Amino acid sequence: LGSFSLARNQALLGDVLSHAAWPGLVLAFGLTGSRNFGALAIGAIMAGLAAIASLDWLSRGSGRIKSDARLALILSGFFGVGMLATRQVQISRPESMGHLQAFLFGQTAALMWSDVCVMGLALVVSVTVVWLRWRDLTVLCFDPEWRKTTPTSGLSTPVILNGILVLGIVAGLPVAGVVLVSALLVCLPVTARVFTVRFASGTILAMTLGGVLGALSPILVMLIES
């Protein structure tokens, strides 16, 4: 997913969506009181999609607001609402502080099998969608103007790409947290681009690097601490 973001010159979009998902997660926790990540992910996904819709509305409403300013507005606005909601939730549910901090900064040691299942589902959905729509997704990234002239052009592909991007970011919150989950979308494809210039092979290499480093991370943490 990060490869597509880089190809569209939207490397910071992941950072915006991760911060925008925070108020949805907090409000879902405040309303349900559930610690199940599947339930909290629904609120986070809805907030992320709302951020995408807000960016689209700002881009159409006024040409005076540049793209970087729109990203900054959405990031700060949604995250500010999330922090206000966090304060209220912590007052009503004092036991929630540690649980919410795990999503804010990430806490791999606190992962449960239900969290892993949600991440696995997000992986299957993302890979399946990319596999089925690979050609249209790559054309959207590298030649969007030409794509508008084709009979298959439409709003469905950008919506699908943004949807799986939100899904992937939300799935990474328990591991990396709101603060660092965007690094997963940027660092891996940038590293892969050093070794290959082809988009397909770079995407596969980025996924491979993510899997290998994820599997080795417990060993690396033990070595660093020792």
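Details of the structure are given in the entry above.
Everything numeric in this text was worked out from a predicted model, so none of it was measured.

Peer 1: Could you give me a rundown of the overall build of the chain, with the residues and numbers involved?
Peer 2: Along its length, the chain carries 11 helices and 0 strands. Written out in order from the N terminus, the α and β elements of the chain read α-α-α-α-α-α-α-α-α-α-α. Against the 2.2 N^0.38 benchmark of 17 Å for 226 residues, the chain shows a C-alpha radius of gyration of 18 Å, consistent with a compact globule. Counting every position in the chain, which comprises 226 residues, the buried fraction comes to 38%. Counting only carbon and sulfur atoms, one obtains 70% of the accessible surface of the chain, whose full area is about 12,800 Å². If the 14 positive side-chain charges of the chain are averaged to one point and the 9 negative ones to another, these points end up 6 Å apart.

Peer 1: Quick one: what's the story with unusual backbone geometry, residue by residue and with numbers?
Peer 2: Its identity as a non-glycine residue notwithstanding, Asn9 has a phi of 60°, on the positive side. With respect to the helices and strands, Asn9 occurs in the loop between helix 1 (2-7) and helix 2 (13-32). Classification of Asn9 by relative accessible area gives exposed; the value is 74%.

Peer 1: How would you summarise the layout of surface pockets if you had to cite specific residues and measurements?
Peer 2: Quantified by volume, the largest pocket comes out at close to 1,500 Å³. Every residue lining the largest pocket is counted, 39 residues in all, and those nearest its centre are Leu123, Leu184, Leu188, Gly210 and Gly211. Broken down by secondary-structure element, the contributors of at least two residues to the lining of the largest pocket are helix 1, helix 6 (113-132), helix 9 (156-171), helix 10 (173-195) and helix 11 (199-225). The greatest single-element share of the lining of the largest pocket, amounting to 12 residues, is contributed by helix 11.

Peer 1: Mind laying out the packing of helix 2 against helix 10, listing which residues take part and the relevant values?
Peer 2: The geometry of helix 2 relative to helix 10 is characterised by a closest axis approach of 7 Å and an angle of 155° between their N-to-C directions. Relative to helix 10, the element helix 2 is oriented roughly antiparallel. On helix 10, the residues touching Gly14, Asp15, Ser18, His19, Ala21, Trp22 and Leu25 of helix 2 are Leu173, Val178, Val179, Val181, Ser182 and Leu185. Residues of the contact of helix 2 with helix 10, tallied by class, amount to 8 nonpolar, 4 polar and 1 charged.

Peer 1: How would you explain the pattern of salt bridges if you had to name every residue and give the values?
Peer 2: Overall, the coordinates contain 1 salt bridge when judged by the stated rule. For the salt bridge of Arg133 with Asp136, the shortest nitrogen-to-oxygen distance reads 3.3 Å. A relative accessible area of 26% places Arg133 in the partly exposed class.

Peer 1: An account of empty space enclosed by the protein is requested, with residue identities and associated values reported.
Peer 2: A full pass over the atoms with the stated rule returns 1 cavity of 30 Å³ or more. The volume enclosed by the largest cavity comes to roughly 30 Å³. Around the largest cavity, the lining residues are Leu1, Ser5, Arg8, Gln10, Leu161, Asn162 and Leu165. Counting residues per element, the lining of the largest cavity draws most heavily on helix 9, at 3 residues.

Peer 1: Quick rundown of the environment of Phe79? Include the residues and the values.
Peer 2: Secondary-structure assignment places Phe79 in helix 4 (residues 67-92). On a C-alpha basis, the gap between Phe79 and His19 in space is 5.4 Å, while along the polypeptide they are 60 residues apart.

Peer 1: Mind laying out the packing of aromatic side chains, listing which residues take part and the relevant values?
Peer 2: Between two aromatic rings, the relevant description is the distance of the centres plus the angle of the planes. All told, the structure shown has 5 aromatic pairs when counted by the stated rule. Note on Phe4 and Trp134: the rings are 5.8 Å apart at their centroids and 70° apart in plane angle, and the pair reads as edge-to-face. Of this pair, Phe4 sits in helix 1 while Trp134 sits in helix 7 (residues 134-142), and the two are 130 residues apart along the sequence. Look at Trp134 and you get partly exposed, because its relative accessible area is 28%. Members of the aromatic cluster, joined through ring pairs, are Phe4, Trp134, Phe142 and Phe199.

Peer 1: Just give me the short version of the nonpolar core, but keep the residues and values in it.
Peer 2: Side chains of a nonpolar character, in soluble globular proteins, are inclined to be buried together. Leu17, Trp22 and Leu25 are the most contacted members of the largest nonpolar core, which has 34 residues in total. At the level of secondary structure, the elements contributing two or more residues to this core comprise helix 2, helix 3 (37-61), helix 4, helix 5 (97-105), helix 9 and helix 10. Among the elements that line this core, the one with the most residues is helix 2, at 10 residues. Discounting residues that sit within four places of it in the chain, Trp22 has contacts with Phe79, Gly82, Met83, Thr86, Leu100, Phe103, Leu104 and Val178. One finds Phe4, Leu140, Leu161 and Phe199 within the second-largest nonpolar core, a separate group that totals 10 residues.

About the thresholds
- Residues numbered from 1 in each chain as written.
- Predicted model: local features only at pLDDT ≥ 70, side-chain atom pairs only at ≥ 80, totals over all residues.
- Heavy atoms only, no water.
- Helix = DSSP H or I, 4+ residues; strand = E, 2+ residues; numbered from the N terminus.
- Rg over C-alpha atoms; globule rule 2.2 N^0.38 Å.
- Buried < 20%, exposed > 50% of the residue type's maximum accessible area, 1.4 Å probe, protein only.
- Areas by Shrake-Rupley, 256 points an atom, 1.4 Å probe, with all protein chains shown as cover.
- Lys, Arg positive; Asp, Glu negative; His and termini not counted.
- Charge placed at Lys NZ, Arg CZ, Asp CG, Glu CD.
- 1 Å grid on protein atoms, 1.4 Å probe; cavity = no way out; pocket = protein on both sides within 12 Å on 5 of 7 lines; lining within 4 Å.
- Points joined across faces, edges and corners; volume = space filled by probe spheres on them.
- Axes fitted to C-alpha atoms, helices over the stretch in contact; angles between N-to-C directions.
- Parallel < 35°, antiparallel > 145°, perpendicular 65-115°, else oblique.
- Contact = heavy atoms within 4.5 Å.
- Nonpolar A, V, L, I, M, F, W, Y, C, P; charged D, E, K, R; others polar.
- Salt bridge = Lys/Arg side-chain N within 4 Å of Asp/Glu carboxyl O.
- Phe/Tyr/Trp six-rings, centres within 6.5 Å; stacked < 30°, edge-to-face > 60°.
- Core = buried A, V, L, I, M, F, W, Y, C linked by side-chain atoms within 4.5 Å.

Any functional reading would require information that these geometric values do not contain.
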